[in-house]
Structure formats: structure tokens, C-alpha cells
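Reading the structure
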Amino acid sequence: MELYHLLLITSYMVSMSLAELLELSYTFNVDAPNSPMLTSFTHSLVKKGKNKFGNWVELNDFCSSEHSGTHLDAPVHFSRHGWSVADIPTEKLYRVPGVMIDVSRKARTQSNYEVKVRDLERWESLYGVIPDGAVVIIHTGWGQKSSDIKEYSGLDQHNKLNFPG
């Protein structure tokens, strides 16, 4: 094996050993964050036990809004010509650079805080340019409200939702 190939393999292995997967989701159940204007999560046990062939089977039904709990919003959700989830190339979702931009202080005092270009520019001034193709996670701190759907959705007396975005 040539030294060049060995160096490439070694650097790949080192970069893979530094990679870290972080679990950021909430359990998908009746307590999952959801809009009060959409279908709430329901779950029912269909079967838990042996079937007629003596094999163990566990079967469940569940129903929920697509915008419940931790989920991926398809680009088509906000853009008529955007990708559906099925259209998003897998490589765009896995092992890509990722950055987290923290706007939680602003969201704490402004329930309808909208992320601004200057938030991205401030992050870049501190940490460098956001890499092309990066996944950008916006930390609003709103997750701490997830156990109280009224507070999480910011539903007001006019039935209007209020939350950062």
C-alpha cells in the first residue's frame, strides 16, 4: 500500500473517531410537543402476545399530526417547489457539517423571535464561516416548554400561536 493511501485511510479513520452523533429528539408519545390546532398523538395496543402459530407478536396503532414531536420539516412545507422528505438525498442528512446557533436569550424575552441574518453573521464572526451544505440547528430554548402544550405553542386568548422561528 502506498504511503499516500495509508495517510488517506488514517485521516479518514481519525475524522470518523472524532464524529459524534447526538440524540436531540423527544419521545414520541402523548406528551410529544404538538400544535393544539392539529391532531394529537394517540396510541392503541392491537396485540401483545402469541399469535395462532405460537410466535410472539407486538402490534400497535398510532395516529398523529406530521408536525408533532421531533420531526424533519420537508423543504416543500415552506416552498412549493421544495423537496418532500422522500426527495431529500440521504447524504444531505447524514455526516454533514453541523452548527448550532443559540438564540435562546432572545427567544426567552420575545416569544415570536425570528432568527435574523445578523444572528448567523454573529455566529460566523465568532466561529468562522458556516460550511456549505451544513445542517444549521437553531437553539431557541423552547424545548424546556415541551411538557406544557399551551406554553410550548404560545396559544394566546385570540387562538394565535406564538413561538420562535
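Located above this text is the structure these notes cover.
Since the model is a prediction, treat every value here as computed from it, not as a measurement. (Residues numbered from 1 in each chain as written. Predicted model: local features only at pLDDT ≥ 70, side-chain atom pairs only at ≥ 80, totals over all residues. Heavy atoms only, no water.)

Among the nonpolar cores identified, the biggest contains eight residues, and these are V99, I101, V103, A107, Y113, W123, I130 and A134. Beyond its immediate stretch of four places on either side in the chain, I101 contacts D119, L120, W123, I130, V136, I137, I138 and H139. (Core = buried A, V, L, I, M, F, W, Y, C linked by side-chain atoms within 4.5 Å. Buried < 20%, exposed > 50% of the residue type's maximum accessible area, 1.4 Å probe, protein only. Contact = heavy atoms within 4.5 Å.)

Pairing analysis gives eight bridges linking strand β1 (residues 42–50) to strand β2 (residues 56–63), with the strands arranged antiparallel. Its bridge partner being in β2, K50 is matched across the sheet by W56. If you look at the hairpin formed by β1 and β2, you'll find five residues sitting between the two strands, and G54 has a positive phi there, around 85°. (Pairing = 2+ DSSP bridges. Helix = DSSP H or I, 4+ residues; strand = E, 2+ residues; numbered from the N terminus.)

We now examine a nonpolar patch on the surface. Taken together, the side chains of L24, M100, V135 and I137 make up a nonpolar region of the molecular surface, amounting to roughly 340 Å² of accessible area. Here I137 lies in strand β4 (residues 135–139). On the basis of relative accessible area, I137 is assigned to the partly exposed category, the value being 38%. (Patch = residues over 30% accessible without salt bridge, like charges linked within 9 Å, V, L, I, M, F, W, Y side chains within 5 Å. Areas by Shrake-Rupley, 256 points an atom, 1.4 Å probe, with all protein chains shown as cover. Salt bridge = Lys/Arg side-chain N within 4 Å of Asp/Glu carboxyl O.)

Scanning all chains against the criterion turns up two salt bridges. Across the pair K106 and D119 runs a salt bridge, and its minimum N-O distance is 2.6 Å. Of the two residues, K106 sits in helix α2 (residues 104–109) while D119 sits in helix α3 (residues 117–127), which places them 13 residues apart along the sequence. K106 gets classed as partly exposed once you look at its relative accessible area, which sits at 32%. The partner of K145 in a salt bridge is E151, with the nearest N and O atoms 3.1 Å apart. Among the residues examined, K145 registers a relative accessible area of 17% and is labelled buried. Judged by its relative accessible area of 42%, E151 is partly exposed.

Okay, unusual backbone geometry next. Not every positive phi belongs to a glycine, and N159 is a case in point at roughly 65°. Within the fold, N159 resides in the segment after α4 (149–153).

Inspection of the entire model under this criterion finds two aromatic pairs. Centroid distance W123 to Y127: 5.0 Å. Interplanar angle 40°. Geometry classified as tilted. Remark: Y127 and W123 occur in helix α3; sequence separation between them is four residues, near one turn of the helix. For Y127, a relative accessible area of 58% puts it in the exposed group. (Phe/Tyr/Trp six-rings, centres within 6.5 Å; stacked < 30°, edge-to-face > 60°.)

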